[in-house]
Amino acid sequence: MATAPSSAPPARELGPLAGSLNHPKSRWVPVPWSELPGFEDDALHEGWSAMITNCARPNAAFAPLCREVRQLALAETEEQRQWMRERLQPYRVESPTGPVEGKLTSYYEPVFEASRRPTAQHTVPLYQAPAGLVARRPWFTRQEIDTLPQAQAALRGREIAWLADPIDVLMLHIQGSGRLRITEPDGSQRTVRVAFSATNEQPYRSVQQWLQSQGATKVSLWPDDTKQWVAQNPQRLSQLLWSNPRYVFFREEPLADIDAGTGPIGAQGVPLTAGRSIAVDRESIPYGTPVWLASPGPAVPLSRLVVAQDTGSAIVGAVRADYFAGTGAEAGRLAARMNQPLRLWVLWPK
C-alpha cells in the first residue's frame, strides 16, 4: 500500500527518446507494440479518462498531444488504440542492473465515520500539520507524539476530527488520504476529504512486517487481521502503532457532488482514476506518463493502460507501482490482497 508522498527533490523532465535511455533508477528499452500483453484486448475508453485528467497538468513531453487526446474522448476503442500506435512508442522499464520484473501493490481511499469533537466513542485525533514543521527535518516520532507533553502541546488545537479506532487512523496515515463522514457539534453530518499535508519525516515501517516478526501468521487481510490481533492483544496496541515511526498530517478539503466520483488528488496534482492511476518512483517514471501495466495475479490479473500520477515513500525502484483501487470498503479489500509480480512499459511520445 502507498504511504504519504515523499519529499524528494523534483525529478528532471525527460526529453524525446532515441534507443535505450538510462535514468537514475531505471533503463527504458524500446520494444514493438506486440510485446505488450493484452494490448489488443484492453477497454481503452476506461483508461482514456485518466489520460484526459493527465492533460490538466501534463509533463512537457506529453503536453503537445493533449489536444488530440481530448478529441478522442468519445472515439471508438480501436481508434484510440490506433492513435497510440501512431503517436506513442513503448519502452520496457528495467532495473539498471537488468531485472524486468518488480512488484505491484495497491492502495485506496478509505471512508470512515468521525466526529468534529471528541466523544466517549471518538477518542483518536486526526491532525493538521503543527506550526513550524520543516520539510525534510525529522520531527517527533509516532511514539513521542503519543507520549511527550511538548509534542502534544504543539498539536493542541490542530485536530481536524476524531475517529473511534486507532487502526483506522493508522490506515489513513498509510493510505495518505481518505473521506470522513463527520458529525458536527450541532448534529448535522457532511462528508469531507482529508488529503496528505506533511509527515514527521521519520522512516516508514510496515506494521504487517512487525506483526509477522511477533509471530502473527495471518496478516494478509489488512486491516481486518490487524484489528483481530489487537482484540486478542489489547495491551500491545501502542507497541504495534509505535512500530511505524512515521506520522502523517492532513488538510481538510470540501467534497462537492461533482468530486464524489473522483479519487483524491495525487502527487501529480490531478484527481486519481480508480483502476487507471498508479503511484511510481518518479526517478524511474515521471508524473503524467502513460504506462502499460501487466501483472498475472494472484489477487487479480491485470493488463491495461494506466497513468503515473502519484508517488509514495514506500514506492521505490524501477519496476515498482502502487495501483489505485478506488474508494470505499470493496476497493480496500482488493488493495489488501494485492502483492504480485509486475512488468511495466512507458508509452512515450514519438
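Residues numbered from 1 in each chain as written. Predicted model: local features only at pLDDT ≥ 70, side-chain atom pairs only at ≥ 80, totals over all residues. Heavy atoms only, no water.

### Digging into the overall build of the protein
Heads up, the rule is: Put simply, DSSP H or I for four residues or longer makes a helix, DSSP E for two residues or longer makes a strand, and each gets a number counted from the N terminus. Every radius of gyration here is taken over C-alpha atoms, with the globule rule written as 2.2 Å times N^0.38, N being the number of residues. For every residue, the accessible area obtained with a 1.4 Å probe (protein chains only) is divided by the maximum for its type, and the residue is called buried under 20%, exposed over 50%, and partly exposed between those limits.
Secondary structure summary: the protein contains ten helices and 15 strands in total. Over its C-alpha atoms the protein spans a radius of gyration of 21 Å, differing by no more than 12% from the 20 Å that the globule rule assigns to 350 residues. Along the first, second and third principal axes, the C-alpha atoms of the protein reach 60 × 45 × 35 Å. Within the protein, buried positions represent 52% of all 350 residues.

### Thoughts on the packing of helix H1 (residues 44-54) against helix H3 (residues 77-87)
Note the threshold: For helices, the fitted line uses only the C-alpha atoms of the stretch in contact; every axis is such a line through C-alpha atoms, and the angle between N-to-C directions lies from 0 to 180 degrees. Note that the term roughly parallel is reserved for angles under 35 degrees, roughly antiparallel for angles over 145, roughly perpendicular for angles of 65 to 115, and oblique for everything else. Crossings are classed by handedness, with left-handed meaning an anticlockwise turn of the near helix from the far one by less than a right angle and right-handed meaning a clockwise turn. Any two residues having at least one pair of non-hydrogen atoms within 4.5 Å are treated as being in contact. Gly counts as polar in this scheme, as do all residues outside two lists: the nonpolar Ala, Val, Leu, Ile, Met, Phe, Trp, Tyr, Cys and Pro, and the charged Asp, Glu, Lys and Arg.
For the pair H1 and H3, the least separation of the axes is 9 Å and the interaxial angle reads 60°. Taken together, the axis directions place H1 and H3 in an arrangement best described as oblique. In the crossing of H1 with H3, the sense of the turn from one axis to the other is left-handed. Every residue of H3 that contacts H1 at Leu44, His45, Trp48 and Met51 is listed here: Thr77, Gln80, Arg81, Trp83 and Met84. For the contact of H1 with H3, a count of residues per class yields five nonpolar, three polar and one charged.

### Topic: the nonpolar core
The nonpolar side chains of a soluble globular protein tend to be buried, and buried together. Note the threshold: Nonpolar cores were defined as sets of buried Ala, Val, Leu, Ile, Met, Phe, Trp, Tyr and Cys residues, with membership established by side-chain atoms within 4.5 Å.
Of all hydrophobic cores here, the largest spans 56 residues; its most connected members are Leu180 and Leu240. In terms of residue count, helix H6 (residues 166-175) provides more of this core than any other element does, six residues in total. Val31, Trp33, Met51 and Val307 belong to the second largest nonpolar core, which has 24 residues in total.

### Quick look at the pattern of salt bridges
Here is the rule we go by: Salt bridge criterion: a side-chain nitrogen from Lys or Arg within 4 Å of a carboxyl oxygen from Asp or Glu.
Throughout the structure, instances matching the rule amount to 20 salt bridges. Close ionic contact of Glu68 with Arg87 constitutes a salt bridge, the shortest N to O distance being 2.8 Å. With Glu68 in helix H2 (residues 66-71) and Arg87 in helix H3, this residue pair connects regions lying 19 residues apart in the sequence. Take Glu68: its relative accessible area is 25%, and that puts it in the partly exposed class. We classify Arg87 as partly exposed; its relative accessible area is 32%. Across the salt bridge formed by Arg81 and Glu78, the nearest N and O atoms sit 2.9 Å from each other. Pair noted here: Arg81 and Glu78 are both in helix H3, with a separation of three residues, about one helical turn. The exposure class of Arg81 is buried, given its relative accessible area of 2%. A relative accessible area of 46% places Glu78 in the partly exposed class.

### Concerning the side chain of Ser243
Topologically, Ser243 is positioned in the loop between helix H9 (237-242) and strand S10 (248-254). The class for Ser243 is buried, based on a relative accessible area of 15%. Contact partners of Ser243, with chain neighbours within four places excluded, come to Arg205, Val207 and Trp210.

### What to know about the state of the cysteines
Operational definition: A pair of sulfur atoms, both from cysteines and within 2.5 Å, is called a disulfide here.
Per the stated rule, a full pass over the model turns up one disulfide. Through a disulfide, Cys55 is tied to Cys66; the S-S separation comes to 2.2 Å. Since a negative S-S torsion denotes a left-handed disulfide, the Cys55-Cys66 link at about -90° is left-handed. Separated by eleven residues along the polypeptide, Cys55 in the loop between H1 and H2 and Cys66 in helix H2 bring together distant segments of the chain. For Cys66, a relative accessible area of 3% translates into the label buried.

### So, H3
Each α-helix turn comprises 3.6 residues. Residues three or four places apart therefore point the same way. Cut-off, in case you're wondering: The arc in question is formed by the directions pointing from the helix axis toward the C-beta atoms.
Buried within H3 we find Thr77, Gln80, Arg81, Trp83 and Met84. The buried residues of H3 occupy an angular sector of 160° when the element is viewed end-on, so they sit on one face.

### Structural notes on the environment of Val300
One can find Val300 in the loop between strand S12 (289-295) and strand S13 (302-310). A sequence separation of 251 residues divides Val300 from Ser49, and the C-alpha atoms of the two residues are 22 Å apart. With near-sequence residues (within four places) excluded, Val300 lies in contact with Ser295, Leu334, Met338 and Gln340.

### Focus: the packing of aromatic side chains
For any two aromatic rings, the description comes down to two numbers: the centre-to-centre distance and the angle of the planes. Keep this limit in mind: Think of it this way: a Phe, Tyr or Trp ring, Trp meaning its six-membered ring, pairs with another when their centres are within 6.5 Å, and the plane angle makes it stacked under 30 degrees, edge-to-face over 60, tilted otherwise.
Under the counting rule described, the total for this entry stands at eleven aromatic pairs. Measuring from centroid to centroid gives 6.4 Å for Trp28 and Tyr91, while their planes differ by 45°, and the two rings are tilted. Of the two residues, Trp28 is situated in strand S2 (residues 27-30) and Tyr91 in strand S3 (residues 88-94); the sequence distance between them amounts to 63 residues. Judged on exposure class, the residue Trp28 and its partner Tyr91 are both buried. Centre to centre, the rings of Phe39 and Trp292 are 5.4 Å apart; their planes meet at 70°, and the pair counts as edge-to-face. One end of the pair, Phe39, is in the loop between S2 and H1; the other, Trp292, is in strand S12, with 253 residues separating them in the sequence. Of the two residues, Phe39 and Trp292, neither departs from the other in class, the shared state being buried.

### What to know about the environment of Arg276
Under the convention used in this document: N or O atoms closer than or at 3.5 Å make up a polar contact, with two conditions inside protein: a donor-capable atom paired with an acceptor-capable one, and, for residues adjacent in sequence, both atoms drawn from side chains.
Here Arg276 shows up in the loop between S10 and strand S11 (277-280). Classification of Arg276 as buried rests on a relative accessible area of 2%. A sequence separation of 48 residues divides Arg276 from Phe324, and the C-alpha atoms of the two residues are 7.1 Å apart. Dropping the residues within four chain positions of it, Arg276 is found in contact with Asp42, Ala43, Glu46, Gly47, Ala50, Arg304, Leu305, Val306 and Val307. Only 3.4 Å separates the side chain of Arg276 from the backbone oxygen of Ala43, close enough to count as a polar contact.

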